[in-house]
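Okay, here's what each chain looks like letter by letter:
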Amino acid sequence: WVRYGLLPDYEVVTLMEMAISGNKPYLTQFYQDLANHRFAAIVAQKQNLSSGTGDFVEENNVWTKFVGVPLLCQYKPIVSLQYSNIQVFVPRQKPCPDYPPSLDGK
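The shown structure was predicted, so the numbers you read here are calculated from the model rather than taken from an experiment.

J.: Explain a nonpolar patch on the surface residue by residue, including any values.
T.: Where nonpolar side chains cluster on the molecular surface, the patch consists of I78, V79, L81 and Y83 and spans about 420 Å² of accessible area. Looking at the element boundaries, L81 is found in strand 2 (residues 75-81). The class for L81 is partly exposed, based on a relative accessible area of 30%.

J.: With reference to specific residues and values, describe the state of the cysteines.
T.: As used here, a disulfide is simply a covalent bond connecting the sulfur atoms of two cysteines. Applying the stated rule across the entire model yields one disulfide. Between the sulfur atoms of C73 and its disulfide mate C96 the distance is 2.3 Å. Handedness of the C73-C96 disulfide follows from its S-S torsion of about -95 degrees: it is left-handed. Note that C73 is positioned in helix 3 (residues 57-74) and C96 in the segment after strand 3 (86-91), a separation of 23 residues in sequence. Relative accessible area serves as the criterion here: at 7%, C73 is assigned to the buried category.

J.: Go over the side chain of D33 with me, naming the residues and quoting the values.
T.: Within the secondary structure layout, D33 lies in helix 2 (residues 24-35). Taking the relative accessible area as the measure of exposure, D33 reaches 7% and is therefore buried. Polar contacts involving the side chain of D33 include one to the side chain of Y10, which spans 2.6 Å. In contact with D33, not counting residues within four places along its chain, are Y10, R38, F39 and Y75.

J.: I'd like a description of the pattern of salt bridges, backed by residues and values.
T.: For side chains of opposite charge, pairing can occur when their charged atoms come near one another. This model, assessed by the stated rule, comprises one salt bridge. Its salt-bridge partner being D33, residue R38 comes within 3.0 Å of it at the nearest N-O pair.

J.: Describe unusual backbone geometry, and please don't skip the residues or the numbers.
T.: Unlike most non-glycine residues, H37 shows phi in positive territory, near 50 degrees. In this structure, H37 sits in the loop between helix 2 and strand 1 (42-45). Exposure remark for H37: the relative accessible area of 29% places this residue in the partly exposed category. A positive phi angle, close to 60 degrees, is found at N85, a residue other than glycine.

J.: Pulling in residues and values, what's your account of the side chain of T64?
T.: Structurally, T64 can be placed in helix 3. With relative accessibility at 10%, the residue T64 sits in the buried group. Ignoring anything within four residues of it in the chain, the contact list for T64 reads N48, L49, S50, V69 and P70.

So, how was this worked out
- Residues numbered from 1 in each chain as written.
- Predicted model: local features only at pLDDT ≥ 70, side-chain atom pairs only at ≥ 80, totals over all residues.
- Heavy atoms only, no water.
- Patch = residues over 30% accessible without salt bridge, like charges linked within 9 Å, V, L, I, M, F, W, Y side chains within 5 Å.
- Areas by Shrake-Rupley, 256 points an atom, 1.4 Å probe, with all protein chains shown as cover.
- Salt bridge = Lys/Arg side-chain N within 4 Å of Asp/Glu carboxyl O.
- Helix = DSSP H or I, 4+ residues; strand = E, 2+ residues; numbered from the N terminus.
- Buried < 20%, exposed > 50% of the residue type's maximum accessible area, 1.4 Å probe, protein only.
- Disulfide = S-S within 2.5 Å.
- Polar contact = N/O pair within 3.5 Å; in protein donor to acceptor, adjacent residues only side chain to side chain.
- Contact = heavy atoms within 4.5 Å.

And the structure:
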């Protein structure tokens, strides 16, 4: 995650821990930062939104719901580095209509 440098609060491991634990204050702030287009650009792995099977399927589904979809609702990929599975995302003009996701399990 990039603004004028890296933000430890939004590193992959931290995001995953907060999503899995359902940390509402953290996720609410994350969604506000995305909606406010706090970041001019975000550098992250390509978001795989498919429901998985096998090992870590629950973690994949949590990531998709609470991180991947919200990211793609507010930001769009403009550069894909295929050899590293990295994308650069910039703010969208129009977000998804169902943003942010419900944090109440609905």
